Amino acid sequence: MGIKEIQEEIVDEFSMFDDWMQRYEYMIELGKSLPLIDEKYKTDDNIIKGCQSKVWVHAELDGDRLVFTADSDAIITKGIIAILIRAFSNQKPQDIIDADTDFIDEIGLKEHLSPTRANGLVSMIKQLKLYAVAYQTQLN
Amino acid sequence: MLDIKKIRGDFPILNREVNGKPLVYLDNAATSQTPKQVIDAIVDYYENYNANIHRGVHALSQEATDKYEQARIKIQKHFNAAKSHEIIFTSGTTHGINLVASGFTSLLKAGDEIVVSAMEHHSNIVPWQMLCERTGAVLKVIPMNDEGELVMQQYDQLLSDRTQLVFCNHVSNALGTVNPIAEIIEKAHKLGAAVLVDGAQAAPHIKADVQALDVDFYTVSAHKMCGPTGVGMLYGKEEWLNKLPPYQGGGEMIAEVTFEKTTYADLPHKFEAGTPNICGGIAFGAALAYMNAISFDQIAEYEHDLLEYATQELLKVEGLRIYGTAKKKTSVISFNIEGVHPYDIGTILDKLGIAVRTGHHCAQPIMDFYGIPGTVRASFSFYNTKDEVDVLVEGVKRARNMLL
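Bear in mind the structure is a predicted one, so any value in this text is a computation, not a measurement. (Residues numbered from 1 in each chain as written. Chains lettered and ligands numbered in written order. Predicted model: local features only at pLDDT ≥ 70, side-chain atom pairs only at ≥ 80, totals over all residues. Heavy atoms only, no water.)

Now for the overall build of chain A. Regarding its fold elements, chain A presents six helices and two strands. Scanning chain A from its N terminus toward the C terminus, one meets helices and strands in the order α-α-β-β-α-α-α-α. Computed over its C-alpha atoms, the radius of gyration of chain A comes to 14 Å, within 12% of the 14 Å expected for a compact globule of 140 residues. Along the first, second and third principal axes, the C-alpha atoms of chain A reach 45 × 30 × 25 Å. By residue count, 49% of the 140 residues in chain A fall in the buried class. About 7,000 Å² of surface is accessible on chain A, with carbon and sulfur atoms providing 49% of the total. (Helix = DSSP H or I, 4+ residues; strand = E, 2+ residues; numbered from the N terminus. Rg over C-alpha atoms; globule rule 2.2 N^0.38 Å. Buried < 20%, exposed > 50% of the residue type's maximum accessible area, 1.4 Å probe, protein only. Areas by Shrake-Rupley, 256 points an atom, 1.4 Å probe, with all protein chains shown as cover.)

Quick look at the structure:
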């Protein structure tokens, strides 16, 4: 499935909930099911700045696809990363670079996050795209 | 007995909803809410006598000057300063600390020692570190124990004839500990050292008497005690304020200016360069009048009950640990739940309409001491109720169930 289709799927899932408490419960579940990052990648180099909680992201190529793994010490943050990873992981770097991120606004995620967390979300997306740019250069 | 229903009626913001739930505001240590008596003072200023002060010849300027100087006298009386010109209007506690730290640059030399407590807010650490960098003075730290109390025997050992300055908060913002400042001041004075007390967290709960304490500098922010943001006061003993050079140059703080030499104005204007926060200063006075009409004794008694109740109820939550269990505390509870990040708890509580603070509370050394990334901090004011404590406890339980 392409990035656009996955994003539409996420928007559909979030529209099924009546209130934000349920959406948070869903994000927490997603966070708990996030595949763990290899401990050796939880280094200071892989920490994303701009988050009140710690976030580590690791990227590596699998053929022509870029695979992200990540972790956080806060579970809701992990849920947010899980959503982003679902949307962007296992895709071609150029598709990640080209992808828009409107789905974040469509599920209303940003406006329901505290300002520090919303900043963290922006930093996370930026970091995923930076990885894609770096690996695209490598592929070229 | 406080008439809480009547008091809550003074605070319009307490009627609002957050995320569809009635607001439960428990972030008072960050900023307190503003009663309509203070809001009225702000509106009155802008609607009726907004003007620049001290130099105007017209009526509005005179009225604004009178009200501003009356506010200074209210602050002087509240803190029992000997003279009104010992009260310097500032933009807040941080400004007051920086003013003193800057002033001591020319009074210190390499090898002099500065003693600071382990439980300071970053704003009472960083300016002194910068002062040390400028002068070559050395920073010494009074350690704390697991309960979050200063180890006073260590303080005795840190003091020497090299000690020039001692800094300590009256109450810790992260833990709520009330520090033994009278003892700290007395011991420092025996060795001729000056003492600055950061009163930001104490001022909403404890009426400090600067003469009885014999403190050299005491500084607070208005917004933590029902006043507006961007205004505060620094009390300094006259002899010290005369010794310190001006902090900022500008209008208001001069006596005479020529290109050859400028002479400075007398206290307090020497430290009040530029047009001050006139409205803020007047509103600060109104806030003190409001709190004194309720009475600080009554406030302290009520908040103590609230603290005991909240402590007892929160400790019933499985896996909850309170950081800061000093014998003398103000109504602040810092806590964590085993296995849960404080940020996650704060997020869920916010969805339930409950405002708390999460993080390191600008006191990273305390968090490092306990080996934690931060805490959830619930801080209570005299307008909070036991019912609100119950809402908090239920919210914490719900967050725990969701997050674990």
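Time to look at the sheet that holds strand E4 (residues 87-90) of chain B. Residues and elements named next belong to chain B. Taking strand neighbours across the sheet as the criterion, the seven strands line up as E4-E10-E9-E8-E7-E5-E6 in an open arrangement whose pairing is mixed. The two strands at the open ends of the sheet, each matched to only one other strand, are E4 and strand E6 (138-142). Across the sheet, the mean angle from the axis of one strand to that of its neighbour is 20 degrees, orientation sign disregarded. Its contacts with the sheet put helix H3 (residues 59-79) on E4, strand E9 (217-221) and strand E10 (232-236), and the angle it makes with E4 is roughly 120 degrees. (Pairing = 2+ DSSP bridges. Axes fitted to C-alpha atoms, helices over the stretch in contact; angles between N-to-C directions. Contact = heavy atoms within 4.5 Å.)

A few words on the side chain of Thr330(B). Residue and element names in this part refer to chain B. When you line up the elements, Thr-330 lands in the loop between strand E13 (320-323) and strand E14 (332-337). Overall, the relative accessible area of 7% leaves Thr-330 in the buried class. The residues touching Thr-330, leaving out its near neighbours within four places in the chain, are Val-171, Gly-176, Val-178, His-205, Ile-206 and Leu-307.

Once that is clear, we can look at the sheet that holds strand E16 (residues 357-359) of chain B. Residue and element names in this part refer to chain B. On the basis of which strands lie adjacent, the open sheet formed by four strands has the order E13-E14-E17-E16 and antiparallel pairing. Strand pairing shows two members of the sheet lacking a second neighbour, E13 and E16, which therefore form its edges. For this sheet the average axis-to-axis angle between neighbouring strands, irrespective of direction, equals 30 degrees. Here E13 runs beside E14; their pairing, made up of four bridges, is antiparallel. In the strand pairing of E14, Leu-320 is matched with Ile-337.

Summary statistics for chain B give a mean pLDDT of 95 and a share of 100% for residues scoring 70 or more. Confidence estimates for the predicted assembly give a pTM of 0.92 and an ipTM of 0.84. (pLDDT = per-residue confidence, 0-100.)

All names here are of chain B. Counting 154 residues, the largest nonpolar core has Tyr-218 and Phe-382 as its most contacted members. Broken down by element, this core gets its largest block of residues, 11 residues, from helix H10 (residues 278-294). Residues from two domains meet in this core; each of domain 1 (4-30 + 295-403) and domain 2 (39-292) gives at least three. Other than its neighbours up to four places away in sequence, Tyr-218 contacts Phe-79, His-170, Val-197, Gly-199, Ala-202, Ala-208, Val-210, Met-233, Leu-234 and Tyr-235. Ranked by size, the runner-up nonpolar core spans 24 residues in total, among them Ala-101, Trp-128, Ala-137 and Leu-234. (Core = buried A, V, L, I, M, F, W, Y, C linked by side-chain atoms within 4.5 Å. Domains from an automatic or database assignment.)

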